[in-house]
Amino acid sequence: MIIRLPLRFEGSKGEKMLYALFDSGATYSCINDDMAEQLEVVTPMHTPMRLATASSSTFMEITSRSTLDFYHEDVRLSDEFMVVPGLSEDVIIGANTMQKWRLKLDFENDNVIVDPRVAKGILINLIRKD
């Protein structure tokens, strides 16, 4: 099941409104290579990742990633995005990101529910670890 929403993304190079596809069937969050390069310095991976696609015989090789902040209803969230050349969507928010931030998909209202207390608690815990 998927939901598609416009979200504000931020990186060291600026910010941009992008359409994000919340896809519970995708493990990783991904971003189109052109969008990633406009927002943030893309980091090459030492060892590329081979990811399976919806077709059981098709794999894609991911060679870089980028860490970005994004906002939903003024709540700041952040995660790592796999940079995918030619990705048909601007951004895909995968299950790992949704679990990390405890995002809930509301299919009846075509919306994503973010508990700001959860986001605040995760950020506080991340700061304390540093």
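Remember, it's a predicted structure, so these values are computed and weren't measured experimentally.

Parameters at a glance
Position labels on residues start from 1 in each chain and follow its written sequence. Reporting in this predicted model follows two pLDDT cut-offs: at least 70 for local features of residues, and 80 or more for side-chain atom pairs to be given and counted; totals over whole chains, interfaces and linings ignore these cut-offs and use all residues. Hydrogens and water are ignored here; the side-chain numbers use all heavy atoms of the structure. Only buried Ala, Val, Leu, Ile, Met, Phe, Trp, Tyr and Cys residues count toward a nonpolar core, and they belong to the same one when joined by side-chain atoms within 4.5 Å. Remark: exposure states derive from per-residue accessible area (1.4 Å probe, protein chains only) relative to the maximum for the residue type, with buried under 20%, exposed over 50%, and partly exposed in between. Strands are runs of DSSP state E lasting at least two residues, helices are runs of H or I lasting at least four, and both sets are numbered from the N terminus onward. Should any heavy atoms of two residues lie within 4.5 Å, those residues are considered in contact. Under the rule applied, a polar contact is a pair of N or O atoms within 3.5 Å (in protein, one hydrogen donor and one hydrogen acceptor; residues adjacent in sequence only if both atoms are side-chain atoms). In this tally Asp and Glu are treated as negative and Lys and Arg as positive; neither His nor the chain ends contributes. Here, a salt bridge means any side-chain nitrogen of Lys or Arg that lies within 4 Å of a carboxyl oxygen of Asp or Glu. Each pair of aromatic rings taken from Phe, Tyr and Trp, with Trp reduced to its six-membered ring, is defined by centres within 6.5 Å and is described as stacked if the planes are under 30 degrees apart, edge-to-face if over 60, and tilted in the remaining cases. Two thresholds decide whether a charge sits over a ring: the Lys NZ or Arg CZ must be within 6 Å of the ring centre and within 35 degrees of the ring normal.

K.L.:
Mind showing me how you'd approach the nonpolar core here?
P.N.:
One broad trend across soluble globular proteins is that nonpolar side chains are buried collectively. Counting residues in hydrophobic clusters, the biggest one holds 24 residues, and the most contacted among them are F9, F22, I31, F81, V91, I93 and L103. For this core, the elements supplying multiple residues, two or more each, are β1 (2–11), β2 (14–23), α1 (33–39), β5 (59–72), β6 (75–84) and β7 (91–93). Beyond its immediate sequence surroundings of up to four residues, I93 is in contact with F9, A20, L21, F22, D23, S29, F70, F81 and M98. Formed by 11 residues, the second largest nonpolar core is a distinct cluster that contains C30, M82, L87 and I92.

K.L.:
Sorry if this is basic, but what is going on with the environment of R4 here?
P.N.:
By the secondary structure assignment, R4 is in strand β1. For the pair R4 and I92, spaced 88 residues apart in the sequence, the C-alpha separation amounts to 8.9 Å. Other than its neighbours up to four places away in sequence, R4 contacts Y19, A20, L21 and E89. Within the structure, R4 has its side chain in polar contact with the side chain of E89 (distance 3.2 Å).

K.L.:
Quick question: what am I supposed to make of the side chain of D106 here?
P.N.:
Among the structural elements, D106 can be located in strand β8 (residues 104–106). Here D106 sits buried without a salt bridge, and the closest side chain of opposite charge, K104, lies 11 Å off (N-O distance). There is a polar contact of 2.7 Å between the side chain of D106 and the side chain of N109. Leaving out residues up to four positions away in the same chain, D106 has contacts with I3, N111 and I113.

K.L.:
Would you explain the packing of aromatic side chains in this entry?
P.N.:
Two measures describe an aromatic ring pair: the distance that separates the ring centres and the angle between the ring planes. Summed over the entire model, instances satisfying the criterion amount to 3 aromatic pairs. On the numbers, 5.4 Å between centres and 20° between planes, the contact of F9 with F70 is stacked. A residue pair is termed long-range when its members are at least 10 positions apart, and F9 in strand β1 and F70 in strand β5 qualify at 61 residues. Owing to a relative accessible area of 0%, F9 belongs among the buried residues under this scheme. Aromatic ring contacts, followed pair by pair, group F9, F70 and F81 into a single cluster. Over the ring of F59 we find R50; its NZ or CZ atom is 4.7 Å from the centre of that ring.

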